[in-house]
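# Fold and geometry: a report
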Amino acid sequence: MNGFQLKYQLDDQIPARENIVYAAQHVIFFAASAVVMPVVVGYALGLSQAEVGLTLQRTFFLCGVVSILQTALGHRYPIIDGPAGLWAGLLILMAGSMASFGKTPSVLRTDLEAGMVIAGLVIMLLVVTGLMNRLIKLFTPIINGVLILLMVLQISPSIVKGMMGITADNPSADWKSVVVFFFTMLLILMLNMFAGSFIKSIATFAGVLAGWLLAYIMGITTASNLTENGILTLPQPFAWGKPTFDAGIIVTCIIAAFVLLSMTFASIGGMSEVIGDKVDSRRMNKTICIHGLTTVLAGIFPTVAFMPYVSSTGIVKMTGVAARKPFYYGAAAMIVMGMIAPFGAFFATIPNSVGYAALVMIYALIMGQGFREFQKVDFGNRENFIVGISMLIGMGIMFLPSGTFDGLPQVAGYILSNGLIDGIGIAFLLEHVILRKKPSI
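This text gives an overview of the structure that appears in the document.

Rules and cut-offs
Residues numbered from 1 in each chain as written. Predicted model: local features only at pLDDT ≥ 70, side-chain atom pairs only at ≥ 80, totals over all residues. Heavy atoms only, no water. Helix = DSSP H or I, 4+ residues; strand = E, 2+ residues; numbered from the N terminus. Rg over C-alpha atoms; globule rule 2.2 N^0.38 Å. Buried < 20%, exposed > 50% of the residue type's maximum accessible area, 1.4 Å probe, protein only. Contact = heavy atoms within 4.5 Å. Lys, Arg positive; Asp, Glu negative; His and termini not counted. Charge placed at Lys NZ, Arg CZ, Asp CG, Glu CD. Polar contact = N/O pair within 3.5 Å; in protein donor to acceptor, adjacent residues only side chain to side chain. Axes fitted to C-alpha atoms, helices over the stretch in contact; angles between N-to-C directions. Parallel < 35°, antiparallel > 145°, perpendicular 65-115°, else oblique. Left-handed = near helix turned anticlockwise from the far one by under 90°. Core = buried A, V, L, I, M, F, W, Y, C linked by side-chain atoms within 4.5 Å. Phe/Tyr/Trp six-rings, centres within 6.5 Å; stacked < 30°, edge-to-face > 60°. Salt bridge = Lys/Arg side-chain N within 4 Å of Asp/Glu carboxyl O. Patch = residues over 30% accessible without salt bridge, like charges linked within 9 Å, V, L, I, M, F, W, Y side chains within 5 Å. Areas by Shrake-Rupley, 256 points an atom, 1.4 Å probe, with all protein chains shown as cover. Expected span 1.5 Å × (residues − 1).

## Description of the overall build of the protein
- Looking only at helices and strands, the protein features 19 helices and two strands.
- Compactness check: the protein gives a C-alpha radius of gyration of 21 Å against a globular reference of 22 Å for 441 residues, within 12% of the reference.
- Of all 441 residues assigned to the protein, the portion counted as buried reaches 52%.
- A separation of at least 24 residues holds for 85% of the contacts in the protein among residues at least 6 apart in sequence.
- Distance between charge centroids for the protein: 7 Å, based on 25 positive and 20 negative side chains.

## Concerning the environment of lysine 7
- Locating lysine 7 in the fold gives a position in the segment before helix 1 (16–34).
- Those residues in contact with lysine 7 that lie beyond four places of it in its chain are Asp12, Glu18, Tyr22 and Gly320.
- Engagement of the side chain of lysine 7 in a polar contact is seen with the side chain of glutamate 18, the distance being 3.4 Å.
- There is a polar contact of 3.2 Å between the side chain of lysine 7 and the side chain of tyrosine 22.

## A look at the packing of helix 3 (residues 49–73) against helix 14 (residues 324–337)
- Between helix 3 and helix 14, the least distance of the axes is 6 Å, while the angle of their chain directions is 155°. When the axes of helix 3 and helix 14 are compared, the pair comes out roughly antiparallel. Between helix 3 and helix 14 lies a crossing of left-handed hand. Seen from helix 3, the contacting residues are Phe60, Phe61, Cys63, Gly64, Val65, Ser67, Ile68, Thr71 and Ala72; seen from helix 14, they are Arg324, Phe327, Tyr328, Ala331, Ala332, Met334, Ile335 and Met337.

## Here we look at the nonpolar core
- Formed by 122 residues in total, the largest nonpolar core has its most connected members in Trp87, Met132, Met151 and Tyr363.
- Not counting residues within four places of it along the chain, the set of residues in contact with tryptophan 87 comprises Met116, Cys253, Ala256, Ala257, Leu260, Thr295, Val304, Ala305 and Phe306.
- In this structure, Tyr8, Ile14, Tyr22 and Ala323 belong to the second largest nonpolar core, which totals five residues.

## Topic: the packing of aromatic side chains
- Throughout the structure, instances matching the rule amount to nine aromatic pairs.
- Judged by centre distance (6.2 Å) and plane angle (85°), the ring pair of phenylalanine 60 and phenylalanine 347 falls under edge-to-face. A residue pair is termed long-range when its members are at least 10 positions apart, and phenylalanine 60 in helix 3 and phenylalanine 347 in helix 15 (residues 341–347) qualify at 287 residues. For the pair shown, phenylalanine 60 and phenylalanine 347 are each scored as buried.

## Topic: the pattern of salt bridges
- Across all of its chains, the model carries nine salt bridges by this definition.
- Residue arginine 324 pairs with aspartate 11 through a salt bridge whose shortest N-O separation is 2.3 Å. Of this pair, arginine 324 sits in helix 14 while aspartate 11 is found in the segment before helix 1, placing the two residues 313 residues apart along the sequence.
- What makes aspartate 11 exposed here is its relative accessible area of 58%.
- Glutamate 383 is paired through a salt bridge with lysine 437; the nearest N and O atoms lie 3.7 Å apart. Of this pair, glutamate 383 sits in helix 17 (residues 381–398) while lysine 437 sits in the segment after helix 19 (419–434); the two residues are 54 residues apart in sequence, bridging distant segments of the chain.

## Here's the deal with a nonpolar patch on the surface
- A grouping of Phe182, Leu186, Leu189, Met190, Met193 and Phe194 is seen on the molecular surface, where their side chains present a nonpolar patch of about 590 Å² in accessible area.
- Mapped onto the secondary structure, phenylalanine 194 falls in helix 8 (residues 175–194).
- Looking at phenylalanine 194, the relative accessible area reads 63%, which means it is exposed.

## A closer look at the side chain of glutamine 70
- Note on placement: glutamine 70 falls in helix 3.
- Assessed through its relative accessible area of 2%, glutamine 70 is described here as buried.

## With respect to the packing of helix 5 (residues 105–129) against helix 11 (residues 247–275)
- The interhelical angle for the contact between helix 5 and helix 11, taken along N-to-C directions, is 45°, at an axis separation of 8 Å. Between helix 5 and helix 11, the interaxial angle falls into the category oblique. Between helix 5 and helix 11 lies a crossing of right-handed hand. Across from Leu108, Asp111, Leu112, Gly115, Met116, Ile118, Ala119, Val122, Ile123 and Leu126 in helix 5, the residues of helix 11 making contact are Ile249, Ile250, Cys253, Ile254, Ala257, Phe258 and Leu261.

## Some details on helix 5
- Compared with an ideal rise of 1.5 Å per residue, which puts 25 residues at 36 Å, helix 5 spans 36 Å between its outermost C-alpha atoms and is within 8% of the ideal.
- Following helix 5 by one or two positions, glycine 130 has its phi on the positive side, about 80°.

## A look at the environment of histidine 291
- Looking at the secondary structure, you find histidine 291 in helix 12 (residues 281–300).
- Not counting the four nearest positions on each side in its chain, histidine 291 is found in contact with Gln70, Ala257, Leu260, Leu261, Thr264, Phe306 and Pro308.

## Describing the environment of alanine 223
- Counting through the fold element by element, alanine 223 comes out in the loop between helix 10 (203–217) and helix 11.
- Given a relative accessible area of 75%, alanine 223 falls into the exposed group.
- It is 18 Å that separates the C-alpha atoms of alanine 223 and glutamine 57, two residues lying 166 residues apart in sequence.

## Topic: unusual backbone geometry
- Positive phi is not limited to glycine here, since arginine 76 has a value of about 75°.
- In this structure, arginine 76 sits in the loop between helix 3 and strand 1 (81–83).
- A relative accessible area of 28% places arginine 76 in the partly exposed class.
- Although it is not a glycine, phenylalanine 238 adopts a positive phi angle of roughly 50°.
- Secondary-structure assignment places phenylalanine 238 in the loop between helix 10 and helix 11.
- Phenylalanine 238 gets classed as partly exposed once you look at its relative accessible area, which sits at 31%.

The following block contains the structure:
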């Protein structure tokens, strides 16, 4: 492993003082990963500041619970599970298109609860029945690349609106928001590119705190009553309301859950290489099953659904510590934070311009993942046609006037007006049916 040597292996015993230090570092990494996306998504879905605070509490709580589950029973590695950028993007996209289908934010939120629960159950069922290994092969690098790029392109208008401070109540650009956005984005960029390893690993969190401070100085933050939700609050199931069902949203959630499996494989593969371990198929199936359960929990205790972070490998390489015990302590601290209401209420005051500045950096990296998927493919005319046709039609549909499909039934209208779903559908059709490769002899 290029001379890399771990200071502590998975089951090593660590002195108590070092345990505390490493656990505190894990809490910083947990918080850095858990804060931004639920805030931006929550406001996009029409939640109040108090409701966003409660969503953050549920996010902290689930971060700790799921990370402990995976480390104890799944992949067995110190890998942080937190809100997924792909899920955040899909939720923001749905929020942006709900008006064209006559949906209110409250109905969309309950649709999403059901969508995430069903998507997670589908993943778990496929693992139990042994069908997962067959179906996952349908998500080829071409399919994954098209999906990721279309998702990032479709969310870009929402990011630009967030950058400009444009909302339904304020359709004009707010130049203070623009200044805060670029300050935050450039600071995160500089820390990522030029800071030392520890600061680089929490660059997003540090940039958000600095941007938040600048927003406060410029007078564009909102006050918060930190005890509005009380002091101690347990996560409430179906906090967004009784689940409702929309076929288009359910299909979209199932596709997202499948695509994120590739990130699960990447994070586990990277960590196993650093630790010098090997994950057998039985352990991987348990990991995927818990990943499905995590998506179910994100629907029951509504928040942005989770994924295991590839960046956890970098944290282990930076500290040289792969031991599970301090990781458990850090995850337990997140569970406690998830029950203390003022923590969520405090982070819910992050301004949109700061949140979107962090998201633009996250989605830049996600777009890079899309390009890396294409690098796995030997491109010829067939591959160019699949990617080109899928991307052109998917992007073209994004620019159609709202109301183009109003004459169709709601489910058909939702699917046909969603460039992301259409582009992926065309990619599947071309890849696996029309231009299917003949099996090699």
